[in-house]
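Summary of the model geometry
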Amino acid sequence: MIRSIVRQSPKFTGEEEVIVVPLFEGETRLSGSARKLDVLCRSAISDALRNNHFKSGAGETLLLRLSVPKGPAYVLLLGLGLRKEFDHEQSADAGGAASKLLKRHRFSSAHVLFHDTIENIVDEYLHSFIKGFSLAQYSFAIKAKKSKSITVKKLVFMTDASSAAETIRHCKVVVEYTEKVRDLVNQPANQMTPARMAEEVSSFAKKAGVRCRILKPKDIAKLGMGAVIDVGKGSHHEQRFIEMHYNKGKSKLPKVCLVGKAVTFDSGGISIKPWSNMNEMKGDMAGGAVVACSIAAAAKLKLPVEIVGLIPCVENLLDGLSFRPGDIVTTYSGKTIEILSTDAEGRVILADALAYAGEFSPDVIIDYATLTGAVVVALGTRIAGIMGNSQSNMDLLLRAGEQSGEPVWQLPLDRRFSEMVKGDISDFKNYSGRDGSSITAAALLGEFVDETPWVHVDIAGTFWSEKGSVPYHSKGATGYGVDLTLRYLERIAGS
Ligand code: BES
Ligand code: ZN
Ligand code: ZN
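Our subject in this report is the structure included herewith.

About the criteria used
Residues take numbers from 1 onward in each chain, read along the sequence in its written order. For this description, chains carry letters from A and ligands carry numbers from 1, given in the order in which they are written. Totals for whole chains, interfaces and linings use all residues, but because this is a predicted model, local features are given only for residues with pLDDT of at least 70 and pairs of side-chain atoms are given and counted only at 80 or more. Hydrogens and waters are ignored; side-chain quantities use all the structure's heavy atoms. Planes of paired rings set the category: under 30 degrees apart is stacked, over 60 is edge-to-face and the rest tilted, where pairs are Phe, Tyr or Trp rings (Trp by its six-membered ring) whose centres lie within 6.5 Å. Placement of a charge over a ring requires the Lys NZ or Arg CZ to be within 6 Å of the ring centre, with the centre-to-atom vector within 35 degrees of the ring normal. For Na, K and Ca the donor cut-off is 3.2 Å, and for all other metals it is 2.8 Å, counting N, O and S atoms only; because water is absent from this set, sites may look incomplete. Only protein chains enter the accessibility calculation, which uses a 1.4 Å probe; a residue is then buried when its area is under 20% of its type maximum, exposed when over 50%, and partly exposed in between. Surface patches are defined over residues having more than 30% relative accessible area and no salt bridge, joining like charges when they lie within 9 Å and nonpolar side chains (Val, Leu, Ile, Met, Phe, Trp, Tyr) when within 5 Å. Residue exposure ignores everything except the shown protein chains as possible cover, and the areas themselves are Shrake-Rupley values with a 1.4 Å probe. Salt bridges are identified by distance alone: a Lys or Arg side-chain nitrogen within 4 Å of an Asp or Glu carboxyl oxygen. Secondary structure elements are defined from DSSP: runs of H or I of at least 4 residues count as helices, runs of E of at least 2 residues count as strands, and each element is numbered from the N terminus. The axes are straight lines fitted to the C-alpha atoms, using for helices just the contacting stretch, and the angles between their N-to-C directions are given from 0 to 180°. Small angles under 35 degrees read as roughly parallel and large ones over 145 as roughly antiparallel, with 65 to 115 read as roughly perpendicular and the rest as oblique. Note: crossing handedness is left-handed where the near helix turns anticlockwise from the far helix by less than a right angle, and right-handed where it turns clockwise. Throughout, a residue-residue contact means that at least one pair of heavy atoms, one from each residue, lies within 4.5 Å. Gly is put with the polar residues, along with every residue not named as nonpolar or charged; the nonpolar set is Ala, Val, Leu, Ile, Met, Phe, Trp, Tyr, Cys and Pro, and the charged set is Asp, Glu, Lys and Arg. For the purposes of this section, nonpolar cores are sets of buried Ala, Val, Leu, Ile, Met, Phe, Trp, Tyr and Cys residues that join through side-chain atoms within 4.5 Å. One heavy atom within 4 Å of a molecule or strand makes the whole residue count as near it. Any pair of N or O atoms that falls within 3.5 Å is considered a polar contact. Within protein, one atom must be able to donate a hydrogen and the other to accept it, and sequence-neighbouring residues count only if both atoms are side-chain atoms. For two strands to be treated as a pair, DSSP must find at least two bridges joining them.

**Considerations on the packing of aromatic side chains**
Going through the model one piece at a time under the given rule, you end up with 11 aromatic pairs. In this structure, Arg65 is placed above the aromatic ring of Tyr74, and the distance from its NZ or CZ to the ring centre is 5.2 Å. Over the aromatic face of Phe448 sits the side chain of Lys335, whose NZ or CZ is 5.5 Å from the ring centroid.

**What to know about the coordination of the zinc ion (ligand 2)**
At this site the zinc ion (ligand 2) is bound by Asp266 (OD), Asp343 (O), Asp343 (OD) and Glu345 (OE), with donor distances of 2.0 to 2.2 Å. Considered as a linear motif, the donors of the zinc ion (ligand 2) on their single chain read D-x76-D-x1-E. Here the zinc ion (ligand 3) and the zinc ion (ligand 2) are spaced 3.3 Å from one another, each receiving a donor from Asp266. Note on Asp343: relative accessible area 22%, which makes it partly exposed.

**Some thoughts on a nonpolar patch on the surface**
Residues Ile270, Ile272 and Leu318 make up a contiguous nonpolar surface patch of roughly 260 Å² in combined accessible area. With respect to the element layout, Ile272 can be found in the loop between β10 (262–266) and α9 (286–300).

**What to know about the coordination of the zinc ion (ligand 3)**
Looking at the zinc ion (ligand 3), one finds its protein donor set to be Lys261 (NZ), Asp266 (OD), Asp284 (OD) and Glu345 (OE), positioned 2.0 to 2.4 Å from the metal centre. For the zinc ion (ligand 3), the donor residues sit on a single chain with the sequence spacing K-x4-D-x17-D-x60-E. A relative accessible area of 2% means that Lys261 is categorised as buried. In this structure Asp266 comes out as buried when scored by relative accessible area, which is 3%.

**With respect to the packing of helix α5 (residues 164–186) against α9**
Viewed as axis vectors pointing N to C, α5 and α9 meet at an angle of 155 degrees, and their least axial separation amounts to 9 Å. As far as their axial angle goes, α9 and α5 are roughly antiparallel. The element α5 and its partner α9 pack so that their crossing is right-handed. Note on element contacts: α9 touches α5 through Ala286, Ala289, Val290, Cys293, Ala296, Ala297 and Lys300, opposite Val173, Glu176, Tyr177, Lys180, Val181, Leu184 and Val185. Here the contact of α5 with α9 is composed, by residue class, of 11 nonpolar, no polar and three charged.

**Considerations on the nonpolar core**
The biggest cluster of nonpolar side chains holds 63 residues, and the ones touching the most others in it are Tyr177, Val185, Met244, Ile366, Leu397, Leu486 and Tyr488. At 11 residues, α9 tops the list of elements feeding residues into this core. Apart from the residues lying within four places of it in its own chain, the contact partners of Leu486 are Val174, Ser294, Ala297, Ala298, Leu301 and Leu303. Judged by nonpolar contacts, the second largest core, of 46 residues, contains Ala227, Val308, Leu354 and Ala369.

**A short note on the site of ligand 1**
Around ligand 1 lies a shell of 17 residues, among which Asp266, Lys273, Asp343, Glu345 and Gly373 are the nearest. Taking Lys261, its side chain carries an N or O atom lying 3.2 Å from an oxygen atom of ligand 1. Between ligand 1 and the protein, one listed contact pairs an oxygen atom with a side-chain N or O atom of Glu345 at 2.8 Å. Considered on its own, ligand 1 offers 510 Å² of accessible surface; in the complex 81% of this is hidden by protein. Taken together, the residues of the shell around ligand 1 break down into six nonpolar, four polar and seven charged.

**A closer look at the sheet that holds strand β17 (residues 428–429)**
If you trace the three strands from one edge of the open sheet to the other, you get β12-β13-β17, paired in mixed fashion. Here the strands that pair on one side only, and so sit at the sheet edges, are β12 (328–330) and β17. Of the pairings in the sheet, the one linking strand β13 (residues 336–338) to β17 comprises two bridges and is parallel in character. Looking at β17, one finds that Ile337 is bridged to Phe428.

**Structural notes on the pairing of strand β14 (residues 364–369)**
If a strand is regular, its side chains alternate between the two faces of the sheet. With six of its six residues buried, β14 lies for the most part within the structure. Of the two faces of β14, the one carrying Val364, Ile366 and Tyr368 and the one carrying Ile365, Asp367 and Ala369 are both buried. Two elements, strand β9 (residues 255–260) and β14, share five bridges in a ladder whose sense is parallel. Counterpart to Cys257 in the pairing with β14 is Ile365. Here β14 pairs with strand β18 (residues 454–458) via five bridges, running parallel. Within β18, the residue paired with Asp367 across the bridge is His456.

**Concerning the side chain of Thr372**
With respect to the helices and strands, the residue Thr372 is situated in the loop between β14 and α11 (373–379). Side chain to side chain, Thr372 and Ser438 meet in a polar contact 2.7 Å long. A polar contact is formed between the side chain of Thr372 and the side chain of Asp458, at a distance of 2.7 Å. Residues contacting Thr372, with those up to four places away along its chain left out, are Arg347, Ser437, Ser438, Ala441, Asp458 and Ala460.

**As for the environment of Phe463**
Looking at where Phe463 falls in the secondary structure, it is placed in the loop between β18 and β19 (464–465). A residue is classified by how much of its surface remains accessible, and Phe463, at 5% relative accessible area, is buried. Placed 328 residues apart in sequence, Phe463 and Leu135 show a C-alpha to C-alpha distance of 14 Å. Contact partners of Phe463, with chain neighbours within four places excluded, come to Val185, Glu280, Gly283, Ala286, Thr370, Gly476, Ala477, Thr478 and Gly479.

Below is the structure:
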């Protein structure tokens, strides 16, 4: 983990272990401090550019060993690709690429010349660059011998932009809580049970100044949340329902309710899943993790919004007491759902949580869920699907997605799909066939939201990285969603 991130004027001392020099493709004329550095390095940078050893393509790197008085020991050239194609996703990826290379070569500190080499983009892109750089140092393992992994511990941004200090402060919080999501999601289900998740969440939430109430099975049943009870019945690990409050009762502030699916393990239940990749389903609580961590981060940043967080937390297993296909579940709202597949469990527990959200009369409800395999087929692993009843809030999320480098894409949700979720012997059914199945899942959720503006974010594709091929990801949890949510909340807070 990076311990210290600071800003410093671009003055070279010769003490630098390595200076990272980000460059745009096709922009070979060095100016400002990059030029000064090049002079100091006896033209090592301009030579590499002139001789075509370095083309500054996106993610391209070239590590130069120098031996010059008053110069750094190494210079790392970092390609940003074409300026006109550059965005926050590319910026985070570039930061990640540099970071992984420096980790591999056991550097313990790095300076980044984030100044006139990449004119005009310091303010805008510093945030995503730091995020990518920091998150690329993350690792998770549970082993007998703790390996002493060598990581970059200190990062210095050489820039005159005075806004950088504030950006760094903000970004540290984003990174801290994105890593927390990764930790929660990477923890195996034998550790991260619903009770344990509730404990962890309340412990870090309280530290950040967020109030937390944990409901146990008796309280959940008393409230009438039949769905949370039924879906969790097949596990020996009891259900929990986490309720979080930040800025409670501050009536002048916009009130946002964040709802997150937290299935600590999704075996599919009686409608059991095939074995391959089932291990990933330890991360089926990622929606809840994003909600809990985003609220804690918002509190740390003192965002002027009121937030209510609701996280239904269960394990979906097989047992003599499991809920079964054909069961009819009575939800918090009184409306009933016939279970056709016990593997479509997320929408069932969210039905309780979304109806309960209405009790707080929020201005808007956003839910996060690893809900459908179909969204992975539709949008792949870097874009989450959004659907809802509020175009203005979806537009805010679309923009927050661009700004955070955690993009979302809107799928259509209208009356056609609502028709498809109607039940025969119950109000609704939890499976409506394969066609448009990310949307029918969202349509079922929509039946449990009243007139409140609402957006559903399906993160089934983005919560996990199978190969760790995105530069700032490692194999496993990505932590997708915290930066996106904070950007969205900032927009809400500013409105
Ligand atoms: N948790 C899964 C969805 C999922 C799939 C998340 C892949 C992450 C990666 C969800 O509970 C589920 O099993 N959905 C089924 C629903 C189907 C049975 C109607 C799906 O999408 O296949
Ligand atoms: Zn499932
Ligand atoms: Zn699931």
